[in-house]
Amino acid sequence: DLPTDWVLLYLQRAPLAMAAEVRKEVLELYLGKSPEAKQAADAKLREFQETSLAWSVSQELLRDSEATVQFFAAQTIYNKVQQVAKGYQQAEGPLLQALAPFLLQQLRSPALTQQSRQRLVLALAAIAVHLCATTWSNVVPDLLSMSGAQPQCAWCIILAIPEQLASVVHTYVKTNQRTVALLTGAPALLAAALAQRPAEGGLEAATGTLSDSPFSLAMQSLSQWSKVMGMPLLEHSGFADYLGALLRGPAGNSEPVLELLIEVLGSTSGSFALYAGASGQKTTQAAPGLEGLLASVIGTIGGLLPNIQRMAESPPTSLEGSDAASLTLWARVAATLVEAYTQILWVERAAADVVLGFLGACFLVHPHIAQCVFELWAILKDANRDDKLPAGALGALLRQLGPACVTSLARFGRWDSPHSEDAASLRQLREAQQDIVVDMLCIAAGSPEAPWLLSLLQEPLQRAEAAKDWHGVEVFWYAFCGIAEALADEPSLPDVYQFVVQSIFRAEVSTVEQCETAAILLRTCGPHFETSLRPQLASSVQWLVGKVPQIPETASEAIQELCGYAGQHLVPHIGEFLKVVEDAAASVSPSVDASLHGALVGIARHVPEDQVVAAFGQICQGTSRQLQGGIDVTLEADRQKLHRCTCVLLRCTLVMEQGGSSSSGPSSRS
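This report concerns the structure included in the present document.

Rules used in this analysis
- Residues numbered from 1 in each chain as written.
- Predicted model: local features only at pLDDT ≥ 70, side-chain atom pairs only at ≥ 80, totals over all residues.
- Heavy atoms only, no water.
- Patch = residues over 30% accessible without salt bridge, like charges linked within 9 Å, V, L, I, M, F, W, Y side chains within 5 Å.
- Areas by Shrake-Rupley, 256 points an atom, 1.4 Å probe, with all protein chains shown as cover.
- Salt bridge = Lys/Arg side-chain N within 4 Å of Asp/Glu carboxyl O.
- Lys, Arg positive; Asp, Glu negative; His and termini not counted.
- Charge placed at Lys NZ, Arg CZ, Asp CG, Glu CD.
- Helix = DSSP H or I, 4+ residues; strand = E, 2+ residues; numbered from the N terminus.
- Buried < 20%, exposed > 50% of the residue type's maximum accessible area, 1.4 Å probe, protein only.
- Phe/Tyr/Trp six-rings, centres within 6.5 Å; stacked < 30°, edge-to-face > 60°.
- Axes fitted to C-alpha atoms, helices over the stretch in contact; angles between N-to-C directions.
- Parallel < 35°, antiparallel > 145°, perpendicular 65-115°, else oblique.
- Left-handed = near helix turned anticlockwise from the far one by under 90°.
- Contact = heavy atoms within 4.5 Å.
- Nonpolar A, V, L, I, M, F, W, Y, C, P; charged D, E, K, R; others polar.
- Expected span 1.5 Å × (residues − 1).
- Arc of directions from axis to C-beta.

1. Topic: a negative patch on the surface
Right, on to step 1. A cluster of acidic side chains, namely Glu 339, Glu 375, Glu 431 and Asp 435, defines a negative patch on the protein surface.
Right, on to step 2. Positionally, Asp 435 belongs in helix 21 (residues 423-444).
Right, on to step 3. Asp 435 sits in the partly exposed class, given a relative accessible area of 45%.

This is the structure:
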């Protein structure tokens, strides 16, 4: 309930006086100067919005000439309707049935601001969702009937319905009774949408607000009704021809059209509607006009191909403007096309050349474009796993697209890339590109393309090293790191890893990122230093020890990892390694000190059995000396000393018992 004075005011002075009081508090909240008064006004208005009085008073305030008062009233009505729609409040009698025509009438008022109008649009969409299965069954025809006089308002309400539906129906939206009731108006909705024509020049925004054109709002509505509610589109007679004609015209590059196309391609039954099996015999199951629509898509992509190929030769540092936006959308179209109609890449030769050429160029133009098609290899990997690819198709695809993917990695994955906006975005991009390299190798496993792909990665690494391009070297170390992780359970790594590991010792790396990538690569190769990489073991540990001052945590953990896997081959070097560790102990953190001592124990486990205890004691001798003088835990310095000693002794004990894994490394080995 409202505060007592507000209730009395309403009862004694009538709704108009109540509206005046609310208006005063709204103006205080938005235009007042005193923080205390604004806070008090906010508290009063929040209480007011929770009462039943808010329905009638807000309707009265919609007629106010002050924009902030209008918006408060519209927002209050929208919130009240949503509360009812979600079941949090009950509306008395036929309140919502009467509210809908009132709001529709208010939308015609020229005095209503755009922001308030947008709130009322959402309120009407919520009312439509709430009543569509009961007292407002003809909601879609009613809304379409007002599109002649108020096209933006009508289409905006229709566009908002799927979102409002999803906010109140959280499971099985497409089979909910409200969805079923709304979709009875789908034929009329599609017919009205197909009657819309784009503006001259084809430039159409897609903000989802009243500022969009009726054409744009209609296209967005079809996308949302299909995506959220499952409204069939291609099954409608004439839809495919209409969309195909749009693609061939100036509007074909506009956002609402391309978003609709992406939804259509992603929601149809894909290759199964066109082809029977991997061999590619045509079926008769395709929706009307599907082949024609795909032909329009391929034709438009073919028209874009020369331009994107020119851009790929000299990629722009940044993408700006409408051309960049449409190119990004077309990259998404190509990716969706491949996902839904994968067989088009080998069944339709002419179409495949166009699509593959476009996809290859997408990898090279800009990271934003490349990211749209990164899922390509995951799609092909799944198709290969499910035996959907005919013999020879995969090898051909690898050879057509592999070079572009590797060049993309070299171009955009560098830490000094001018194409990246920030370090976080670049890190995410590198991870995606590493996944692509790994996916390609998994696809090529056991085929002649596997060694070819590895050489495709080795050659630019060699060129970068020869040119002393250490950022270029680092990005290929990163790629080989991903491959090594994928091959961790294999008995050996490919022979190219001899060269890759040796390149680390030759490289004049200086940045933290370069050193960390090299250290992580050596650590990832850890299991193989016991076998195929054994000739590189001593040099690897020596290199890592030299990098402890620069990358202490990463280097020390990698050292412990290598010593845990292949410590038996380092026994002759344990004495000199112990001296290095003791010299470094004072200048490194307790965790680094513990990792280095753990690495020593990983080696000591392999000395002759009668010498193990003595070796363990010698490794822990420096720590024991620190404890001999006693510890006063009331002193900060002694507490730190105790912490360091405890870390070292605990790690040494664990490594001796469990087999040498670091605290953050792989599972224990014995």
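2. Things to note about the packing of aromatic side chains
Right, on to step 1. With the rule as written, the count across this model stands at three aromatic pairs.
Right, on to step 2. Taking the centre distance of 6.1 Å and the plane angle of 25° together, the rings of Phe 363 and Phe 374 count as stacked. Placement of Phe 363 in helix 17 (residues 349-365) and of Phe 374 in the loop between helix 18 (367-372) and helix 19 (376-385) is noted, with a sequence separation of eleven residues between them. Exposure class is identical for Phe 363 and Phe 374. Each is buried.
Right, on to step 3. Aromatic side chains Phe 480 and Tyr 497 sit 5.4 Å apart centroid to centroid with 85° between the ring planes, which places their arrangement in the edge-to-face category. One end of the pair, Phe 480, is in helix 23 (residues 470-486); the other, Tyr 497, is in helix 24 (residues 496-506), and 17 residues separate them in sequence. The same class applies to Phe 480 as to Tyr 497, namely buried.

3. Focus: the packing of helix 22 (residues 449-466) against helix 23
Right, on to step 1. Remark: helix 22 packs on helix 23, axes separated minimally by 8 Å, with the N-to-C direction vectors making an angle of 155°. By the angle class used here, helix 22 and helix 23 are roughly antiparallel. The interaxial crossing formed by helix 22 with helix 23 has left-handed handedness. Along the contact surface, helix 22 presents Leu 454, Leu 457, Gln 458, Pro 460, Leu 461, Ala 464 and Glu 465, while helix 23 presents Trp 470, Gly 472, Val 473, Phe 476, Trp 477, Ala 479, Phe 480 and Ile 483.
Right, on to step 2. Among the residues forming the contact of helix 22 with helix 23, the class breakdown is twelve nonpolar, two polar and one charged.

4. With respect to helix 2 (residues 35-49)
Right, on to step 1. Under the 1.5 Å per step criterion, the end-to-end length of helix 2 is 21 Å for 15 residues, consistent within 8% with the ideal 21 Å.
Right, on to step 2. Those residues of helix 2 lying buried are Ala 41, Leu 45 and Phe 48. In a view along the axis of helix 2, the buried residues occupy a sector of 55°, so they form one face of it. Set apart from the buried face of helix 2 by more than 90 degrees, the exposed residues are Pro 35, Glu 36, Gln 39 and Arg 46.

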